[in-house]
Amino acid sequence: MNAAPEGPAAAAPGPTSARGLTPWHFVLLFGMVSLLADMVYEGARSIIGPYLATLGASAALVGLVAGAGEFIGYALRVVSGYAIARTQHYWAWTITGYALTVLSVPLIGVSGALVPALLLYGTERLGKAVRSPAKDTLLSHASTNTGRGSAFGVHQALDQTGAIAGPLLLAAVLSAHAGDYRLAFGVLIIPGVLVLILLGWLRFRVPDPRSYESDSAASSPSPAAATARRGGIARGLPARFWHYVITIGVLSCGVAAFPLLAYHAQRTGLLTDAQVPILFAVAMAVDGAAGLVMGRIYDRRGPLTLLAVPVAAACSAVAFTDNPALVWIGVAVWGIVNGVLDSTVKAVVTELVPAETRAIAFGWLALLRGLALLIAGALLGAAYDVSPHLAIAVIVAANAVSLVGLATVLRRLHPAVPAG
């Protein structure tokens, strides 16, 4: 795909000059892209385990594939981030990444063999790693005129809507056609094709989203850009950015994975098998709403509002108690934490890092989160085997450390200015 010039020379003169598409229209339409794409890959993730089992996979292999897929989806973003920053072809990387995902998933169902299915699932995760830094960078440009937190929050809300709709769609298909995984994966080609059509249209309407940010950048340079000009860390990644992402990594070590939460609820008889997927759907709904609400609060009150995240993450540990009501409350709070980690946390990156290096910054943020998820899975799982109370203690300790780290870095940021 030959991308049109995306450099500063191609920038349009003002935030509404991108062929009539306002920043908010861009954010909303890009959110629809994520909604449709989430229907595809979250739908696939909801049934990939049982499908692999029909192909002869063991439980250990399914678990390994799930963990490796998450690591690919997060860790490789730092590689694509550097490549994106070097080429500056944000649309080309975004469209390529989405294409890898939406074309791989329907083929999983027709593979009919374990090895091809595993390779296609890996390709789907690779697509997420390829597109994510470019996608977040494109969104960050429009967020200059909508409010940083609001843009990422709205995007997260639409994203999670797809994460709910996809699994529900496949549940309906498999309910009507029991065991027909070929059909279940196949129906996902419909939202997948819509993703590519909408992306192509957005690429035509907004060849260079940096035009949204050009006027604001010219009138009020970011603190990160000033740091870079004064000779900060190479290519504008200041020390505060590294402090921030390491702190987010520590925070992520204190956030339990849903499978561990579900394991506790089932092992102790607090929830039935049928209630667990309902619990997950509730968590995803809260996740989307949290990103939306927290984004608006961030724009009105400033970055220090994120100090509520480690506090909430520590409180989510009540899900490991022996009270059924506290399991539901704890997982709902867990959904709030994950919603903010996937949305508003990225808004801070736009405050710390100049526009030309955001793809790299988003890549490093994803890598640190991916490593933290691996550590959290092993650490909290081992702690839980000793005692659920020890798992609770680890969660609280990790979030106490991250609270101090976040307070240190966020208090140095300028207050957010509400979008007009």
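Residues numbered from 1 in each chain as written. Predicted model: local features only at pLDDT ≥ 70, side-chain atom pairs only at ≥ 80, totals over all residues. Heavy atoms only, no water.

Per an unreviewed UniProt entry, the protein goes by the name Major Facilitator Superfamily protein and belongs to Mycolicibacterium chlorophenolicum. The UniProt entry for the protein carries the following comment under Subcellular location (unreviewed entry): "Cell membrane". (UniProt positions renumbered as here; feature names shortened; annotations may be inferred.)

J.: Can you explain the overall build of the protein? Please cite residues and give values.
T.: The helix and strand tally for the protein stands at 18 helices and zero strands. Out of the 420 residues belonging to the protein, those deemed buried represent 54%. Expressed as a percentage of contacts within the protein between residues at least 6 apart in sequence, the contacts between residues at least 24 apart total 85%. A total accessible area of about 16,600 Å² is found for the protein, and carbon and sulfur atoms account for 70% of it. (Helix = DSSP H or I, 4+ residues; strand = E, 2+ residues; numbered from the N terminus. Buried < 20%, exposed > 50% of the residue type's maximum accessible area, 1.4 Å probe, protein only. Contact = heavy atoms within 4.5 Å. Areas by Shrake-Rupley, 256 points an atom, 1.4 Å probe, with all protein chains shown as cover.)

J.: Which residues make up the packing of aromatic side chains, and what values do they have?
T.: Think of a pair of aromatic rings as described by two things: how far the centres are apart, and how the planes are tilted against each other in angle. Considering all chains together, one arrives at 11 aromatic pairs under this definition. Residues Y82 and W364 carry aromatic rings whose centres are separated by 6.4 Å and whose planes lie at 85° to one another, so their mutual orientation is edge-to-face. Taken together, the positions of Y82 in helix α3 (residues 77–87) and W364 in helix α17 (residues 358–386) put the pair 282 residues apart, joining distant regions of the chain. A relative accessible area of 39% places Y82 in the partly exposed class. Plain terms: the ring middles of F241 and W242 are 5.2 Å apart, the flat faces sit at 70° to each other, and that makes the pair edge-to-face. (Phe/Tyr/Trp six-rings, centres within 6.5 Å; stacked < 30°, edge-to-face > 60°.)

J.: Outline the side chain of S150, listing residues and values.
T.: Here S150 lies in helix α6 (residues 148–176). Contacts of S150, omitting those with residues within four sequence positions, involve W24, G295, R296 and D299.

J.: How would you summarise the pattern of salt bridges if you had to cite specific residues and measurements?
T.: Scanning all chains against the criterion turns up five salt bridges. Residues D136 and K135 are paired through a salt bridge, measuring 3.8 Å at the closest nitrogen-oxygen approach. D136 gets classed as buried once you look at its relative accessible area, which sits at 4%. Residue K346 pairs with D136 through a salt bridge whose shortest N-O separation is 3.4 Å. In this pair, K346 sits in helix α16 (residues 344–352) while D136 sits in helix α5 (residues 114–143), placing the two residues 210 residues apart along the sequence. Like K346, the residue D136 is buried in the burial classification. (Salt bridge = Lys/Arg side-chain N within 4 Å of Asp/Glu carboxyl O.)

J.: If you had to explain unusual backbone geometry to someone new, which residues and values would you point to?
T.: Despite not being glycine, Q88 has its phi angle at roughly 65°, a positive value. Assessed through its relative accessible area of 19%, Q88 is described here as buried.

J.: Any details on the environment of L270? Residues and values, ideally.
T.: With respect to the secondary-structure elements, L270 resides in the loop between α12 (258–267) and α13 (275–301). The spacing of L270 and V327 is 57 residues in sequence and 8.0 Å in space, taken between C-alpha atoms.

J.: I'd like a rundown of the packing of α3 against α17, residues and numbers included.
T.: Close contact between α3 and α17 brings their axes to 7 Å; oriented N to C, the two are set at 175°. Relative to α17, the element α3 is oriented roughly antiparallel. Between α3 and α17, the residues in contact are R77, V78, G81, Y82, I84 and A85 and A359, I360, G363, W364, A366 and L367, respectively. When its residues are assigned to classes, the contact of α3 with α17 shows nine nonpolar, two polar and one charged. (Axes fitted to C-alpha atoms, helices over the stretch in contact; angles between N-to-C directions. Parallel < 35°, antiparallel > 145°, perpendicular 65-115°, else oblique. Nonpolar A, V, L, I, M, F, W, Y, C, P; charged D, E, K, R; others polar.)

J.: For empty space enclosed by the protein, give the residues involved together with the corresponding values.
T.: On inspection of all chains with the given rule, the structure shows one cavity of 30 Å³ or more. The computed volume of the largest cavity comes to approximately 30 Å³. Forming the walls of the largest cavity are S34, D38, Y41, Y98, K128, R131, K135 and D159. Elements represented by at least two residues in the lining of the largest cavity include exactly α1 (23–54) and α5. When grouped by side-chain class, the residues that make up the lining of the largest cavity number two nonpolar, one polar and five charged. (1 Å grid on protein atoms, 1.4 Å probe; cavity = no way out; pocket = protein on both sides within 12 Å on 5 of 7 lines; lining within 4 Å. Points joined across faces, edges and corners; volume = space filled by probe spheres on them.)

J.: Please provide a residue-by-residue account of helix α15 (residues 324–341), values included.
T.: If you check α15, its first and last C-alpha atoms are 26 Å apart, about what 18 residues at 1.5 Å a residue would give, namely 26 Å. Among the residues of α15, V327, G330, V331, V333, W334, G335, V337, N338, G339, V340 and L341 are the ones counted as buried. One side-chain oxygen at the N-terminal end of α15 lies 2.9 Å from the backbone nitrogen of A325; it belongs to N323. (Expected span 1.5 Å × (residues − 1). Polar contact = N/O pair within 3.5 Å; in protein donor to acceptor, adjacent residues only side chain to side chain.)

J.: Tell me about the environment of A312, and name the residues and values.
T.: For A312, the position within the fold is in helix α14 (residues 308–315). The exposure class assigned to A312 is buried, which follows from its relative accessible area of 17%. Expressed as a C-alpha distance, the spacing of A312 and V337, which sit 25 residues apart in the sequence, is 6.7 Å. Discounting chain neighbours no more than four positions away, the residues touching A312 are V333 and V337.

J.: Any details on the nonpolar core? Residues and values, ideally.
T.: In terms of nonpolar packing, the biggest core is built from 109 residues, with F26, F185, Y244, L306 and V331 touching the most fellow members. Beyond its immediate stretch of four places on either side in the chain, L306 contacts Y244, M294, Y298, V340, T344, V348, L406 and L410. (Core = buried A, V, L, I, M, F, W, Y, C linked by side-chain atoms within 4.5 Å.)

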